[in-house]
Amino acid sequence: IKGSSRWRMRGWVRQPDGSLTRQAFYGDSKTEAKAKHAEAIRRAELGIATTTKSETVAEYLERWCAGGNLRQKSMDARALNVNRMKPYIGAVKLTELKPQQIHGMYASLRGKLSDHSVRQAHSVLRKALKDAVKEGTMIANPIDRMVVVPTVKYEEINPLTSDEAKKLLSIN
């Protein structure tokens, strides 16, 4: 690009529907621009359209949450967990979501929510990203590359002794 240190490469990419589109790829070096062109060709060969504007995680989760044939209670739970996640990863482009960003979101949620609630958010995100891979929006699910996923820590329950139960029941 004239007057800039960036490189632009224009190339043809065959879309999954068979049509050819000419696209521009930008990079800080010629090699980076060529790599982006090669990535677009690879994505198209996998059946992922490269001409569509890539969605943010928030846009995809909203679209995903609205779809489906689920009970109202399930839809409400999905919406609640989507709203919990949006402030942390909502602005990230769906195709650029990294396991480290998801891990950071879990760490932030742990400071505000119980372990069980963080685990619910993880389950909703895992299902949403799995569906994104199935529909061809993403190549791979970043959650599959996570080493540590949220778990629920269970505490042992200490039931009342028989004397404590009698004392509790005798109070009127």
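Going by the structure above, here's the rest.
Residues numbered from 1 in each chain as written. Predicted model: local features only at pLDDT ≥ 70, side-chain atom pairs only at ≥ 80, totals over all residues. Heavy atoms only, no water.

1. Some points on the overall build of the protein chain
So, step 1. A count of helices and strands for the protein chain gives six helices and two strands.
So, step 2. Secondary structure of the protein chain in N-to-C order comes out as β-β-α-α-α-α-α-α.
So, step 3. Here the protein chain holds 172 residues, and the buried ones make up 33% of them.
So, step 4. A total accessible area of about 11500 Å² is found for the protein chain, and carbon and sulfur atoms account for 54% of it.
So, step 5. Charged side chains in the protein chain number 31 positive and 18 negative. The centres of these two groups are separated by 7 Å. (Helix = DSSP H or I, 4+ residues; strand = E, 2+ residues; numbered from the N terminus. Buried < 20%, exposed > 50% of the residue type's maximum accessible area, 1.4 Å probe, protein only. Areas by Shrake-Rupley, 256 points an atom, 1.4 Å probe, with all protein chains shown as cover. Lys, Arg positive; Asp, Glu negative; His and termini not counted. Charge placed at Lys NZ, Arg CZ, Asp CG, Glu CD.)

2. Topic: the packing of aromatic side chains
So, step 1. Applying the stated criterion across every chain yields a total of zero aromatic pairs.
So, step 2. Stacked on the ring of Trp 64, the Lys or Arg Arg 78 has its end atom at 3.8 Å from the ring centre. (Phe/Tyr/Trp six-rings, centres within 6.5 Å; stacked < 30°, edge-to-face > 60°. Lys NZ or Arg CZ within 6 Å of the ring centre and 35° of its normal.)

3. Things to note about the nonpolar core
So, step 1. Counting residues in each nonpolar core, the largest one holds 25 residues, and the members touching the most others are Leu 61, Ile 102, Met 105, Tyr 106, Leu 125 and Leu 129.
So, step 2. Within the residue set of this core, elements represented by two or more residues are α2 (57-66), α3 (72-89), α4 (99-112) and α5 (115-135).
So, step 3. A per-element tally of this core places α5 first, with seven residues.
So, step 4. The contact partners of Leu 125, leaving out residues within four places of it in the chain, are Leu 61, Met 85, Ile 89, Ile 102, Met 105, Tyr 106 and Ile 143. (Core = buried A, V, L, I, M, F, W, Y, C linked by side-chain atoms within 4.5 Å. Contact = heavy atoms within 4.5 Å.)

4. Concerning the pairing of strand β1 (residues 7-14)
So, step 1. Pairing between β1 and strand β2 (residues 20-27): eight bridges, direction antiparallel. Within β2, the residue paired with Val 13 across the bridge is Thr 21.
So, step 2. From the end of β1 to the start of β2, which pair antiparallel, there are five residues, and Gly 18 there has a positive phi angle of about 100°. (Pairing = 2+ DSSP bridges.)

5. Observations concerning the pattern of salt bridges
So, step 1. All told, the structure shown has seven salt bridges when counted by the stated rule.
So, step 2. Here Arg 6 and Asp 28 are joined by a salt bridge, their closest N and O atoms 3.0 Å apart. Of this pair, Arg 6 sits in the segment before β1 while Asp 28 sits in the loop between β2 and α1 (30-45), placing them 22 residues apart in sequence.
So, step 3. A relative accessible area of 33% means that Arg 6 is categorised as partly exposed.
So, step 4. Owing to a relative accessible area of 49%, Asp 28 belongs among the partly exposed residues under this scheme.
So, step 5. Via salt bridges that share partners, Glu 55, Arg 63 and Glu 135 belong to a single interconnected network. (Salt bridge = Lys/Arg side-chain N within 4 Å of Asp/Glu carboxyl O.)

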